[in-house]
Amino acid sequence: KAGVTQTPRYLIKTRGQQVTLSCSPISGHRSVSWYQQTPGQGLQFLFEYFSETQRNKGNFPGRFSGRQFSNSRSEMNVSTLELGDSALYLCASSLPSGTEGEKLFFGSGTQLSVL
Amino acid sequence: SQQGEEDPQALSIQEGENATMNCSYKTSINNLQWYRQNSGRGLVHLILIRSNEREKHSGRLRVTLDTSKKSSSLLITASRAADTASYFCASYDGNTGKLIFGQGTTLQVKP
């Protein structure tokens, strides 16, 4: 079974631009979560999508948005990039809630650098 | 911040020694999980312990949970150089549906 796939692996943008990151979950997983990881703040929860609906949201400004498609693939978008948005963005998928539902399977991440 | 704390932040040991990492969390939980991350890659799930469990084993891993103290510990026995990585605890709150990660412990195992 293929793992969680994130594209692109690396991205360099300049301040003010916008960026879209993509995530394909493990086949059969319908929940997708996004995390931002920085050396200073650690892993911060961005949002979670399930069946094309945002089920949960972290404390990030409205510049951060996401969506999920009918095939469970997900994208996140960051508009008007700031230097502080430089981070490793991690996507994780999971089965619906249940015995194993809370266990996350992570992709390798997209390393975003904002210049 | 909702994040839990991990202690120590960094740990360096010799191969064959045991490594112990501690984690504290802030909210009531359904379960607590431990993940491992190699050098800026994605996280890999190691073990999950439910709120009604006190101890759990998986291979060389032993996890304990004390819900009265809101704390957990991860013990890696007979460590290997390949265990060098960052280890994160994550507390799952069934009410909010959020998995909140700690700041992590960086473990270096010297050959």
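A few points on the structure. (Residues numbered from 1 in each chain as written. Chains lettered and ligands numbered in written order. Predicted model: local features only at pLDDT ≥ 70, side-chain atom pairs only at ≥ 80, totals over all residues. Heavy atoms only, no water.)

Describing the overall build of chain B
Working step 1: Helix and strand counts for chain B come out as zero helices and 11 strands.
Working step 2: Going from N to C terminus, chain B has its helices and strands arranged as β-β-β-β-β-β-β-β-β-β-β.
Working step 3: Taking 111 residues into account, the globule formula puts the C-alpha radius of gyration at 13 Å, and chain B, at 13 Å, falls close to it.
Working step 4: Each of the three principal axes of chain B carries a C-alpha extent, and together these read 45 × 25 × 20 Å.
Working step 5: Long-range pairs, those at least 24 residues apart, make up 55% of the contacts in chain B between residues at least 6 apart in sequence.
Working step 6: Per element, the accessible surface of chain B, about 5300 Å² overall, is 44% carbon and sulfur.
Working step 7: Mean positive and mean negative side-chain charge positions of chain B (13 and 10 charges, respectively) differ by 4 Å. (Helix = DSSP H or I, 4+ residues; strand = E, 2+ residues; numbered from the N terminus. Rg over C-alpha atoms; globule rule 2.2 N^0.38 Å. Contact = heavy atoms within 4.5 Å. Areas by Shrake-Rupley, 256 points an atom, 1.4 Å probe, with all protein chains shown as cover. Lys, Arg positive; Asp, Glu negative; His and termini not counted. Charge placed at Lys NZ, Arg CZ, Asp CG, Glu CD.)

A look at the environment of alanine 85 of chain B
All names here are of chain B.
Working step 1: Positionally, alanine 85 belongs in strand β9 (residues 85-93).
Working step 2: Judged by relative accessible area, which is 7%, alanine 85 ranks as buried.
Working step 3: Taking C-alpha positions, alanine 85 is 6.7 Å from serine 39, a pair spaced 46 residues apart along the chain. (Buried < 20%, exposed > 50% of the residue type's maximum accessible area, 1.4 Å probe, protein only.)

Notes on the pattern of salt bridges
Working step 1: Scanning the entire structure with this criterion turns up eight salt bridges over all chains.
Working step 2: The shortest N-O distance in the salt bridge between aspartate 85 of chain A and arginine 63 of chain A comes to 2.8 Å. Taken together, the residues aspartate 85 of chain A in the loop between β8 (74-78) and β9 (87-94) and arginine 63 of chain A in the loop between β6 (53-57) and β7 (64-68) connect sequence positions 22 residues apart.
Working step 3: The residue glutamate 55 of chain B makes a salt bridge to arginine 62 of chain B at a minimum N-O spacing of 3.2 Å.
Working step 4: The partly exposed category is assigned to glutamate 55 of chain B, whose relative accessible area is 40%.
Working step 5: Owing to a relative accessible area of 30%, arginine 62 of chain B belongs among the partly exposed residues under this scheme.
Working step 6: Through salt bridges with shared partners, a single ionic network connects Arg63, Glu82 and Asp85 of chain A. (Salt bridge = Lys/Arg side-chain N within 4 Å of Asp/Glu carboxyl O.)

Things to note about the interface of chain B and chain A
Working step 1: Of the residues lining the interface, 19 residues belong to chain B; the matching set on chain A comes to 24 residues.
Working step 2: Between chain B and chain A the total buried area reaches about 1700 Å² when both faces are included, carbon and sulfur atoms providing 46% of it.
Working step 3: Of all residues in chain B, Arg41, Leu43 and Lys98 of chain B give up the largest surface area on contact with chain A, accounting jointly for 26% of the area buried on that side.
Working step 4: For the side of chain B that touches chain A, the residue count by class is six nonpolar, 10 polar and three charged. (Buried area = accessible area lost by both parts, 1.4 Å probe. Nonpolar A, V, L, I, M, F, W, Y, C, P; charged D, E, K, R; others polar.)

What about the sheet that holds strand β6 (residues 55-58) of chain B?
Backbone-to-backbone hydrogen bonds pair the strands of a sheet. The strands run either parallel or antiparallel.
Residues and elements named next belong to chain B.
Working step 1: Strand order in the open sheet formed by five strands is β1-β3-β8-β7-β6, with antiparallel pairing between adjacent strands. Of all strands in the sheet, those with a lone pairing partner are β1 (5-7) and β6, marking the two edges. On average, each strand axis in the sheet is inclined to that of its neighbour by 15 degrees, with strand direction left out of account.
Working step 2: Bridging between β6 and strand β7 (residues 61-66) involves four bridges; their strand directions are antiparallel. Looking at β7, one finds that lysine 56 is bridged to valine 63. (Pairing = 2+ DSSP bridges. Axes fitted to C-alpha atoms, helices over the stretch in contact; angles between N-to-C directions.)

Structural notes on the environment of asparagine 18 of chain B
Residue and element names in this part refer to chain B.
Working step 1: You can see asparagine 18 is positioned in the loop between β2 (10-14) and β3 (19-24).
Working step 2: Judged by relative accessible area, asparagine 18 falls into the partly exposed class, the value being 47%.
Working step 3: Residues asparagine 18 and leucine 75, spaced 57 residues apart in sequence, show a C-alpha to C-alpha distance of 7.0 Å.
Working step 4: A polar atom in the side chain of asparagine 18 sits 3.0 Å from the backbone nitrogen of alanine 78. (Polar contact = N/O pair within 3.5 Å; in protein donor to acceptor, adjacent residues only side chain to side chain.)

So, the state of the cysteines
Working step 1: One pass over the full model with this rule turns up two disulfides over all chains.
Working step 2: One disulfide in the model links cysteine 23 of chain A with cysteine 91 of chain A; its S-S distance is 1.7 Å. In this structure the cystine formed by cysteine 23 of chain A and cysteine 91 of chain A twists about its S-S bond by roughly -55 degrees; its chirality is therefore left-handed. One end of the pair, cysteine 23 of chain A, is in strand β3 (residues 19-24); the other, cysteine 91 of chain A, is in strand β9, and 68 residues separate them in sequence.
Working step 3: Cysteine 23 of chain B shares a disulfide with cysteine 89 of chain B; S-S distance 2.0 Å. Negative torsions about the S-S bond denote left-handed disulfides, and the value of about 75 degrees found for cysteine 23 of chain B with cysteine 89 of chain B makes this one right-handed. Placement of the pair is cysteine 23 of chain B in strand β3 and cysteine 89 of chain B in strand β9, with a sequence separation of 66 residues. The exposure classification of cysteine 23 of chain B matches that of cysteine 89 of chain B, with both residues buried. (Disulfide = S-S within 2.5 Å.)

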